[in-house]
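# Structure assessment
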Amino acid sequence: MSQAKRPSTIAAVLDRAVAGERLSPEQALGLLESNDLAALAQAADAVTRRLHPEPYRTYNIDRNVNYTNVCVGGCRFCAFSRKPGDPDGYVIDRDELYRKIEETIRLGGDQILLQGGMHPELTLDWYEELLRDVRRRYPQINVHGFSPPEIHHISRLSGLSVTAVLERLRAAGLGSLPGGGAEILVDRVRRAISPAKVSADGWLDVCRRWHALGGRGSATMMFGHVETLADRIEHLTRLRQLQEETGGFTAFISWTFQPGHTDLAGLRKSGPFDYLKTLAVSRLFLDNFPNLQASWVTQGLKIGQMALRFGANDMGSLMIEENVVAAAGTSFRTSEAEICRAIREVGYEPRRRNVFYQLVAPPTSDRAEAVS
């Protein structure tokens, strides 16, 4: 294809996406290879407005509680985890967990994102007891917990099927499943950056089985490391296919790899241009995903705000606590007031929602500050 014909071809693909036509992976790759950020933004924003004509954009208040940093995953991109036996390894005790939940409730939160490493000694009984204790003390709190690699790991340790593990965790109080650990759903990439983690098929299978039980959850993508642009599109294609099958994903969240203090620290860090372009193409391609989140946690609030014009309809969480990205040297903090102001500045009303994207309340306070 000649360079002279390229712009008109890109424009035609964008027009089709805006009109509601499904894009092929080849068309999406062409968009991702282009550098017309303004055109991509305009099209992605038009699709977002078609899907979300309401006068508001949403956010929520929750806390990322890492119950352990001990992990046998050996992921080369992670600066947070510790090997078994490391003196800096920990498993959270109940008093500390309860303190974090109570602080979350005081700030208006209704959920904890409960994730950790693939600990070699924590049993399924331990996870069940943890969930039951939280549900008994804080019935108003949703536990958005245990990413697909954690579920797969628990299944292997327990000798039970993934479905049996999910059934037991759900009965104990698991409310929804986070989409962490997807990274890039291409096994060549996974072998390079996370060789001990579940395969791409395995990650998708955990989500499929959770959805079959009536569960809902998110999907994610961490990009900007060793993957190609074609790998990103393959990842999005596999998510779109599973969503077509189950309809169980509530949202898609993408962010750029943060290389600081990791085994991949020599890689060039992806910047806002790549993030916003990938977000826009994701919105145009993932036509069966109702919601896309902005990633202010890795990009900062200003780029998070721009994301609301590049395909995102949600600012994500106030994120009272976040440790994994911070361990890589990236630590953006904000308050509920700042998130609300950012939403208002792009012409929308800020509205709080829960993990299922149901509106729950007006902003709780202009004084709710994020804390570490």
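Every chain is numbered independently, its residues counted from 1 as its sequence is written. Two thresholds apply to this predicted model, a pLDDT of at least 70 for residue-level local features and 80 or more for giving and counting side-chain atom pairs, whereas whole-chain, interface and lining totals are computed over all residues. The basis for every side-chain value is the complete set of heavy atoms in the structure, and neither hydrogens nor water enter the calculation.

### Quick word on the overall build of the protein
In terms of helices and strands, the protein carries 15 helices and eleven strands. Throughout, the radius of gyration refers to the C-alpha atoms, and the reference size of a globule is 2.2 Å times the residue count to the power 0.38. At 20 Å, the protein has a C-alpha radius of gyration in line with the 21 Å of a compact globule built from 372 residues. Per-residue burial for the protein yields a buried fraction of 58% across its 372 residues. Two residues form a contact once any of their heavy atoms are found within 4.5 Å. Long-range contacts, defined as pairs at least 24 residues apart, comprise 77% of the intrachain contacts of the protein with a sequence gap of at least 6. Accessible surface, the protein as shown: approximately 14,900 Å² in total, 50% of it carbon and sulfur. Comment: elements are numbered from the N terminus, with helices defined as DSSP H or I runs of at least four residues and strands as E runs of at least two. The buried label applies to any residue whose accessible area, calculated with a 1.4 Å probe on protein chains only, is under 20% of its type's maximum; exposed applies above 50%, and partly exposed to all values in between. Only the protein chains shown count as covering a residue, and every accessible area follows the Shrake-Rupley method with a 1.4 Å probe.

### Let's talk about the pairing of strand β7 (residues 249-256)
Summarising burial for β7: seven of the eight residues are buried, a large majority. At least two DSSP bridges between two strands are required for those strands to pair. Judged from the seven bridges that link them, strand β6 (residues 217-223) and β7 form a sheet pairing that is parallel. Counterpart to Met-221 in the pairing with β7 is Ser-254. Classification remark: right-handed applies to a crossover when, strands pointing away from the viewer, the course from the first strand over the helix to the second runs clockwise. Handedness of the crossover joining β6 and β7 through helix α10 (residues 229-246) is recorded here as right-handed. Note: β7 against strand β8 (residues 292-293), two bridges, orientation parallel. Looking at β8, one finds that Phe-252 is bridged to Leu-292. At this point the chain moves from β7, through helix α11 (residues 272-285), to the parallel β8, and the crossover so formed is right-handed.

### Re the sheet that holds strand β5 (residues 174-176)
By way of backbone hydrogen bonds, the strands of a sheet pair with one another, either parallel or antiparallel. Reading across the sheet, the four strands line up as β2-β3-β4-β5 and stay open at both edges, with parallel pairing between neighbours. Of all strands in the sheet, those with a lone pairing partner are β2 (62-66) and β5, marking the two edges. With direction set aside, neighbouring strand axes in the sheet form an average angle of 40°. When strand β4 (residues 142-145) meets β5, the two strands line up parallel, connected through two bridges. Paired with Val-143 across the strands is Leu-174, a residue of β5. For helices, the axis comes from a line fit to the C-alpha atoms of the stretch in contact; other axes are also lines fit to C-alpha atoms, and the angle between any two N-to-C directions lies between 0 and 180 degrees.

### Here we look at the pattern of salt bridges
A side-chain nitrogen of Lys or Arg and a carboxyl oxygen of Asp or Glu constitute a salt bridge if their distance falls within 4 Å. Going through the model one piece at a time under the given rule, you end up with 23 salt bridges. The closest approach of N and O atoms between Arg-63 and Glu-103, which form a salt bridge, is 2.6 Å. Pair noted here: Arg-63 is in strand β2 and Glu-103 is in helix α4 (residues 94-106), with a separation of 40 residues, a long-range link. The class of Glu-103 is buried, set by a relative accessible area of 16%. Its salt-bridge partner being Asp-274, residue Arg-232 comes within 2.9 Å of it at the nearest N-O pair. Residue Arg-232 is found in helix α10, and its partner Asp-274 is found in helix α11; the two are separated by 42 residues along the sequence.

### Topic: the confidence of the model for the protein
On average, the protein scores 90 in pLDDT, and the residues at 70 or more come to 92%. Within a predicted model, pLDDT stands for the predictor's per-residue confidence, ranging from 0 to 100. Predicted confidence is poor over residues 1-6, with pLDDT under 50, and the contacts of this stretch with residues over four places away or in other chains come to four contacts. In the predicted structure, residues 365-372 sits below a pLDDT of 50 and forms 23 contacts with residues beyond four places in sequence or in another chain.

### Considerations on the packing of helix α6 (residues 148-158) against helix α7 (residues 162-172)
At a minimum axis distance of 9 Å, the contact between α6 and α7 shows a crossing angle of 105°. Put simply, α6 runs roughly perpendicular to α7. Where α6 abuts α7, its residues Ile-151, Ile-154, Ser-155 and Ser-158 lie against Val-162, Val-165, Leu-166 and Leu-169. Three categories are distinguished: nonpolar for Ala, Val, Leu, Ile, Met, Phe, Trp, Tyr, Cys and Pro, charged for Asp, Glu, Lys and Arg, and polar for the others, with Gly belonging to the last. Looking at side-chain class alone, the contact of α6 with α7 contains six nonpolar, two polar and no charged residues. Roughly parallel means an angle under 35 degrees; roughly antiparallel, over 145; roughly perpendicular, 65 to 115; everything else is oblique.

### Comments concerning the environment of Glu-128
Relative to the helices and strands, Glu-128 is located in helix α5 (residues 124-137). Residue Glu-128 is classed as buried on the basis of its relative accessible area, which comes to 8%. As a C-alpha pair, Glu-128 and Arg-170 span 42 residues in sequence and 8.9 Å in three-dimensional space. If near-sequence neighbours (up to four positions away) are discounted, Glu-128 is found in contact with Arg-168, Leu-169 and Ala-172.

### Looking at the nonpolar core
For this analysis, a nonpolar core means a set of buried residues of the types Ala, Val, Leu, Ile, Met, Phe, Trp, Tyr and Cys, connected via side-chain atoms within 4.5 Å. Formed by 70 residues in total, the largest nonpolar core has its most connected members in Leu-31, Trp-203, Leu-239, Phe-252, Leu-284 and Met-315. Looking at this core, the element that brings in the most residues is α11, giving seven residues. Excluding its chain neighbours within four sequence positions, the residues that come into contact with Trp-203 are Pro-148, Pro-149, Gly-179, Gly-180, Gly-181, Ala-182, Leu-185, Val-198, Ala-219, Leu-239 and Phe-249. Leu-97, Leu-124, Leu-130 and Val-206 belong to the second largest nonpolar core, which has 30 residues in total.

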